[in-house]
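Structural features, examined
One letter stands for each residue in the lines below.
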Amino acid sequence: MGTTERHRRIAAAVREARELSVTELAGLTGCSEMTVRRDLEILAEQGVLERFRGGARSLLLRGEEPPFGLRAQEGVEVKRRIAADVAALIADGESVVIDSGTTCLEVARALRDRRVTVMPLSLHAANALTGAPSVRLLLPGGEPRAGELALTGPLTEASLAAVRFDTAVIGCCGLTADDGLTAYDLADAAVKRAAIASARRTIAVAEAAKLSRTALAFVAPPTALHAVVTDETAPTGVTDALATAGVTVRKV
């Protein structure tokens, strides 16, 4: 079992059980307790779990956004398929604003070899695009949220207001036909609204689990979206309702 897969398995097991010992995790992964302890230290630094002497416990509470480090390990192949489809919708020469979040980070990576102008709204995505030879990289101001490294606040919103993009790629925490696009964080929701307002076209990216979910902060109605790219397991009832609202739904 590789390190990445082992980290995913440990994170999922701790989340499910709420608390597990090093011995239990060693039995689950087939690794030594010393290896598990090193893995737990890494996952704790990423905010995925909390260490205690002899084991680890989950940090997740119901209704709260899972840590970036945990989300980055989940559904990677699905997120890459979504990102590839979004990249195919973007023409060379376009100007694009890319939202924060793990799926949007994959979109940034998918555009590294493209001739585009990009403003990323997280330091993770900015780092992924730094040094890309054909990308013109525009960096907004703002205050990065811990862990997420999403840029928020009046400096970010002012940066977005100063530019007009061809396409905004927006992540979400929830999306339904009735409640629209929603986010967990109020400041993040304000930045998403500013990005949508600055773009001619808005593409939302969302794994199937986010469809039919509603988070705390309202961002925009479905009528503000031109397209949604999701995966093939998305519930038909939800995608049909979005299509009825005028949104083009692409399942990958």
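The text that follows walks through the structure, step by step, so that each part is easy to find. (Residues numbered from 1 in each chain as written. Predicted model: local features only at pLDDT ≥ 70, side-chain atom pairs only at ≥ 80, totals over all residues. Heavy atoms only, no water.)

1. A few points about the sheet that holds strand β11 (residues 180-183)
The strand order across the open sheet built from three strands is β10-β11-β13, with neighbouring strands paired in antiparallel fashion. The sheet is open, and its two borders are formed by β10 (174-176) and β13 (217-220), each paired with just one other strand. When strand polarity is set aside, the average angle formed by the axes of neighbouring strands in this sheet is 30 degrees. Pairing of β10 with β11 involves three bridges; the strand directions are antiparallel. (Pairing = 2+ DSSP bridges. Helix = DSSP H or I, 4+ residues; strand = E, 2+ residues; numbered from the N terminus. Axes fitted to C-alpha atoms, helices over the stretch in contact; angles between N-to-C directions.)

2. A short note on the pairing of strand β3 (residues 55-58)
As paired strands, strand β1 (residues 19-21) and β3 are joined by three bridges and run antiparallel to one another. Paired with L20 across the strands is A56, a residue of β3. Bridge analysis of strand β2 (residues 49-52) against β3 gives four bridges, and the strand direction is antiparallel. The residue bridging R51 from the neighbouring strand is A56, located in β3. Here β2 folds back onto β3, and the loop between the two strands holds two residues, one of which, G54, carries a positive phi near 95 degrees.

3. Notes on unusual backbone geometry
We note that L149 has phi near 60 degrees; this positive angle belongs to a residue other than glycine. As for its position among the elements, L149 is in the loop between β7 (143-144) and β8 (151-152).

Any functional reading would require information that these geometric values do not contain.
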